[in-house]
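Topology and contacts: notes
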Amino acid sequence: MNFFGLQRKKPVPGRLDGEGVYLRAALPGDFEPWRQLRSASRAFLTPWEPSWPVDDLTKPAFQRRIQRQDRERAEDESHGFLIFRSRDDALLGGITLGNVRRGVAQCATLGYWMGEKHAGQGYMAKAVRALLRHAFLEMRLHRVEAACAPENERSRRLLEHLGFQREGFARAYLLIDGAWQDHLLFAMLEGDFLRGDAAAAHPSLPG
């Protein structure tokens, strides 16, 4: 969305490199690793995601997903990526910077998923940092929002660890796993990220 016709900023490229991981837009050749990882992780993921369509793990559905990904990226509406481990190119999960609002907002919403066998190993934190760096330094966003169900402790701890600030509680916020569910609301501002990035690069600096 482009409020008031203001100029859009530079779009996200097809690949972003992070610490031990990289993010890349999905390609047709990713179907089988993606299908296998999502299928093996289904019970792990479905409590936190919208209900999966009946054909979700089929090749035609994946092709439509890529078409939508490319269209939304071209329109600067949403920027979706798969997450890969740098040392062996293993597919780990996915991450999206969606609902991009330009103009007076300069804001987007963060979403992510991790394959069950890769969860709890620090990969998602590295992937989110890589995407936030690009969101604030290259896309010139002012604010990145995120939400998680109150009982999703893994996601809540991740956001808090990365420096997201809890801003509120939304009743029946998203339709997840077939039911409207409450969510905790978090956000990070550009200044929050830049301070955290500077502290990580120069641990001796105060704050």
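Another point: the packing of aromatic side chains. Taken as a whole and judged by the stated rule, the model has four aromatic pairs. With centroids separated by 5.6 Å and ring planes inclined at 55 degrees, the aromatic side chains of Phe-31 and Phe-62 adopt a geometry described as tilted. Taken together, the residues span a long stretch of sequence, with Phe-31 in helix 1 (residues 31-40) and Phe-62 in helix 3 (residues 59-74) at a distance of 31 residues. Its relative accessible area of 10% is what places Phe-31 among the buried residues. For Phe-62, a relative accessible area of 1% translates into the label buried. Grouping aromatic residues by their ring pairs yields a cluster made of Phe-31, Trp-34 and Phe-62.

Among the secondary structure elements, Arg-143 is positioned in strand 6 (residues 143-148). What Arg-143 contacts, discounting residues up to four positions off in sequence, is Gln-106, Cys-107, Ala-108, Phe-136, Glu-167, Ala-187, Met-188 and Leu-189. Within polar-contact distance, the side chain of Arg-143 engages the side chain of Glu-167 at 2.4 Å.

Definitions and cut-offs
- Residues numbered from 1 in each chain as written.
- Predicted model: local features only at pLDDT ≥ 70, side-chain atom pairs only at ≥ 80, totals over all residues.
- Heavy atoms only, no water.
- Phe/Tyr/Trp six-rings, centres within 6.5 Å; stacked < 30°, edge-to-face > 60°.
- Helix = DSSP H or I, 4+ residues; strand = E, 2+ residues; numbered from the N terminus.
- Buried < 20%, exposed > 50% of the residue type's maximum accessible area, 1.4 Å probe, protein only.
- Contact = heavy atoms within 4.5 Å.
- Polar contact = N/O pair within 3.5 Å; in protein donor to acceptor, adjacent residues only side chain to side chain.

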